[in-house]
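The chain contents come next:
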Amino acid sequence: MILNRKFLKFEIDLDFVLIAVTTSLKDYRICYLINKHLAFNFVKIKDLSVDINHGSEPVLFSLYHYNWETTETDFYFMANKGSDGYLIPEFRKADYFLMIKNYIDENDLDNLLTSLNKIPEIVAAVKIDPKKIKSRENLLF
């Protein structure tokens, strides 16, 4: 008897833009500066809880949210270093990540990156391809 085998291929849908931000400031301070320079309104929401060390307590990362109502674009500003580890361990030099969900125009994205890099306290703000990150499932929430 011949059995038919079927394999299920699972691919994570990464429909967001990710920007790594390097700065020495605390999360509330850098969000204040982004709000001031870019006319955003980041608001602190419940910490992001990620099960990095499987079986032990989840690791908490500070999380801020802002929404462009005109285009329904969501912005999440999250810390890379949490209570007991890194959100994205392969980017240990990045202090924070700015995740942009839903649609953002390429021109708006370029303007956003330029504006972020003009803030004196930000050392660097760089766009990252989420598909090249090994621990990308930590960004799904």
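The sections below set out a description of the structure shown in this document. Computed from a predicted model, the values in this text were never measured in an experiment.

Observations regarding the pattern of salt bridges
Moving on, step 1. Throughout the structure, instances matching the rule amount to 1 salt bridge.
Moving on, step 2. As a salt-bridge pair, K44 and D47 come within 2.5 Å of each other at their nearest N and O atoms.
Moving on, step 3. The exposure class assigned to K44 is partly exposed, which follows from its relative accessible area of 40%.

Side note on helix α1 (residues 27–38)
Moving on, step 1. Between its first and last C-alpha, α1 extends 16 Å over 12 residues, near the 16 Å set by a 1.5 Å rise per residue.
Moving on, step 2. Restricting attention to buried positions, one finds in α1 the residues D27, I30, C31, L33, I34, N35 and L38.
Moving on, step 3. Taken together, the buried residues of α1 touch β1 (16–23), β3 (59–68), β4 (73–79), β7 (96–101), α2 (106–118) and β8 (122–128).
Moving on, step 4. A39 lies just past α1 and shows a positive phi near 60 degrees.

So, the sheet that holds β7
Moving on, step 1. Read from one edge of the open sheet, 6 strands run β2-β3-β4-β7-β1-β8, paired in antiparallel fashion. Looking along the sheet, the strands with just one partner apiece sit at the ends: β2 (43–50) and β8. Averaged over neighbouring strand pairs, the angle between their axes works out to 25 degrees when direction is ignored.
Moving on, step 2. Where β1 and β7 come together, 6 bridges link them in antiparallel fashion.

Procedures and definitions
- Residues numbered from 1 in each chain as written.
- Predicted model: local features only at pLDDT ≥ 70, side-chain atom pairs only at ≥ 80, totals over all residues.
- Heavy atoms only, no water.
- Salt bridge = Lys/Arg side-chain N within 4 Å of Asp/Glu carboxyl O.
- Buried < 20%, exposed > 50% of the residue type's maximum accessible area, 1.4 Å probe, protein only.
- Helix = DSSP H or I, 4+ residues; strand = E, 2+ residues; numbered from the N terminus.
- Expected span 1.5 Å × (residues − 1).
- Contact = heavy atoms within 4.5 Å.
- Pairing = 2+ DSSP bridges.
- Axes fitted to C-alpha atoms, helices over the stretch in contact; angles between N-to-C directions.

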